[in-house]
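Residues per chain are reported as follows:
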Amino acid sequence: MDIKQLKFLIALDETRHFGQAAALCHVTQPTLSMRLRNLERELGLELVNRGQRFEGFTAQGERVLAWARAVLAAYDGLQAEAAACRGHLAGTLRLGMVPLSSFDPLPLLQRLHRQHPDLAFELSALSSEQILEQLTSNRLDLGLSYLERLDQERFEALPLGESRMGLLYDPAHFQFADAPLHWQALAELPLGLLTAGMHFRQSVDHNFHSRGLVPRLLLQTDAVHQLVQAVHGGLCCAVMPLGNGLEAVTGGLRLHPIEQATTLAPLGLIMRRTAPRSALAEACLAEYRKLRDEA
């Protein structure tokens, strides 16, 4: 068994297609298939359901796949740790982020890239629960999540404060005065929101319900880009976080502050306390502290 076989297995899970998995790994399809069959023989297990095309993993394959991800994450972490010991950061910083937060990662990533050109970045949109689970299993180096009920013995956190909220709208369809908006005014507007269950949506609902208000919910989705598209088309307005760089990528849309609008829990950058600790996460936290002190 070697690392490449595990990479092939993970690529197959990501693409759900033998040919695409082979292309992703820069090998031929016969090579990928042969190496996976070798892995099955070595483990004495059938991992893949095969027909004329990929038909999913067996139950044993799903269990092996979970271990493969953990082993590959540990391997990548070892490579990054060795590079850090040589005074050089390399590899991929894996950052999991909750959808719709007031944290803009771009300045931090730009700073890290200038200082460490060989460092790459992988950003994933995940729930708070998924972030903590993947930090625990070493599939993430760093998480951006809410600090509500965070286990301080297992995780180290750098608090970032509450996320403030604003109303994203198209001035071609809606007009507002310069003063911050009140929740009473928002309740009369057609709104697009994240789906129920997401923390940001829960905070929006709380702000309405605590004031005895019921919003006019026109659209709900788990995809931020769909909310932005709906606002662009004038279908609705959307409650969004302030300070996350959204204004720079939404063209002619406006983001108007809402009075007394914050999330239920503060945000924070989170990493695991237990070994092996991510050298990339430690470097990232150190750079963010410097960036914050310089601001």
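Residues numbered from 1 in each chain as written. Predicted model: local features only at pLDDT ≥ 70, side-chain atom pairs only at ≥ 80, totals over all residues. Heavy atoms only, no water.

Asks: How would you summarise helix H4 (residues 59-85) if you had to cite specific residues and measurements?
Replies: Here H4 spans 40 Å end to end across 27 residues, near enough to the 39 Å set by a 1.5 Å rise per residue. For H4, the set of buried residues is Gly61, Val64, Leu65, Ala68, Leu72, Ala73, Ala80 and Ala83. Tucked inside the fold, the buried residues of H4 contact helix H1 (3-15), helix H3 (29-43), strand S2 (54-57), strand S3 (91-97) and helix H10 (279-294). (Helix = DSSP H or I, 4+ residues; strand = E, 2+ residues; numbered from the N terminus. Expected span 1.5 Å × (residues − 1). Buried < 20%, exposed > 50% of the residue type's maximum accessible area, 1.4 Å probe, protein only. Contact = heavy atoms within 4.5 Å.)

Asks: Give a description of the state of the cysteines that names residues and reports values.
Replies: Disulfides are covalent bonds that connect the sulfur atoms of two cysteines. If you walk through the whole model with that rule in mind, you get zero disulfides. For the unlinked cysteine Cys237, the closest cysteine sulfur is that of Cys236, found at 6.9 Å. (Disulfide = S-S within 2.5 Å.)

Asks: Explain the UniProt feature "domain: HTH lysR-type" (unreviewed entry) in the protein residue by residue, including any values.
Replies: As recorded in UniProt, the feature "domain: HTH lysR-type" (unreviewed entry) lies at residues 1-58. Helix makes up 60% of residues 1-58 and strand makes up 12%, while its end C-alpha atoms are separated by 19 Å. (UniProt positions renumbered as here; feature names shortened; annotations may be inferred.)

Asks: Describe the sheet that holds strand S8 (residues 190-194), listing the residues and the values that go with them.
Replies: If you walk across this open sheet you meet the five strands as S9-S8-S10-S7-S11, and the pairing is mixed. The sheet is open, and its two edges are formed by strand S9 (216-221) and strand S11 (254-262), each paired on a single side. Averaged over all pairs of adjacent strands, the angle between strand axes in this sheet comes to 35 degrees, irrespective of strand direction. Here strand S7 (residues 164-169) runs beside strand S10 (residues 237-241); their pairing, made up of four bridges, is antiparallel. (Pairing = 2+ DSSP bridges. Axes fitted to C-alpha atoms, helices over the stretch in contact; angles between N-to-C directions.)

Asks: Outline the pairing of S9, supporting the account with residue identities and numerical values.
Replies: Across a regular strand the side chains alternate sides, sitting on one face of the sheet and then on the other. In this structure, S8 lies alongside S9, joined through five bridges in parallel fashion. Following the sheet pairing, Leu191 is matched in S9 by Leu217. With helix H8 (residues 199-209) bridging S8 and the parallel S9, this β-α-β connection has right-handed handedness. (Right-handed = clockwise from strand over helix to strand, strands pointing away.)

Asks: I'd like a rundown of helix H6 (residues 128-136), residues and numbers included.
Replies: Working note: α-helix, 3.6 residues per turn, so residues spaced by three or four point in the same direction. Burial in H6 covers these residues: Ser128, Ile131, Gln134 and Leu135. All buried residues of H6 lie within an arc of 135 degrees about the axis, which places them on one face of the element. Against S3, strand S5 (142-146), strand S6 (155-161) and strand S12 (267-272) lie the buried residues of H6. Count one or two residues on from H6 and you reach Asn138, which has phi positive near 65 degrees. (Arc of directions from axis to C-beta.)

Asks: Tell me about the packing of aromatic side chains, and please be specific about residues and values.
Replies: One pass over the structure, following the stated rule, counts five aromatic pairs. Between the aromatic rings of Phe54 and Phe57, the centroid separation amounts to 5.3 Å while the plane-to-plane angle is 70 degrees, which identifies the pairing as edge-to-face. The pair Phe54 / Phe57 is uniform in exposure class, with both members buried. Their ring planes at 85 degrees and their centres at 4.8 Å tell us that Tyr169 and Phe176 sit as a pair that is edge-to-face. Its relative accessible area of 5% is what places Tyr169 among the buried residues. (Phe/Tyr/Trp six-rings, centres within 6.5 Å; stacked < 30°, edge-to-face > 60°.)

Asks: How would you summarise a nonpolar patch on the surface if you had to cite specific residues and measurements?
Replies: Taken together, the side chains of Met1, Leu43 and Leu45 present a nonpolar region at the surface, about 250 Å² in accessible area. Positionally, Leu45 belongs in the loop between H3 and strand S1 (48-50). (Patch = residues over 30% accessible without salt bridge, like charges linked within 9 Å, V, L, I, M, F, W, Y side chains within 5 Å. Areas by Shrake-Rupley, 256 points an atom, 1.4 Å probe, with all protein chains shown as cover. Salt bridge = Lys/Arg side-chain N within 4 Å of Asp/Glu carboxyl O.)

Asks: Summarise the domain arrangement of the protein; cite the residues concerned and give the values.
Replies: Where interface size is given, it is often the accessible area lost as the parts come together that is meant. The domains assigned to the protein are domain 1 (3-68), domain 2 (89-161 + 267-294) and domain 3 (164-262). With centres defined by C-alpha atoms, the gap from domain 1 to domain 2 works out at 30 Å. (Domains from an automatic or database assignment.)

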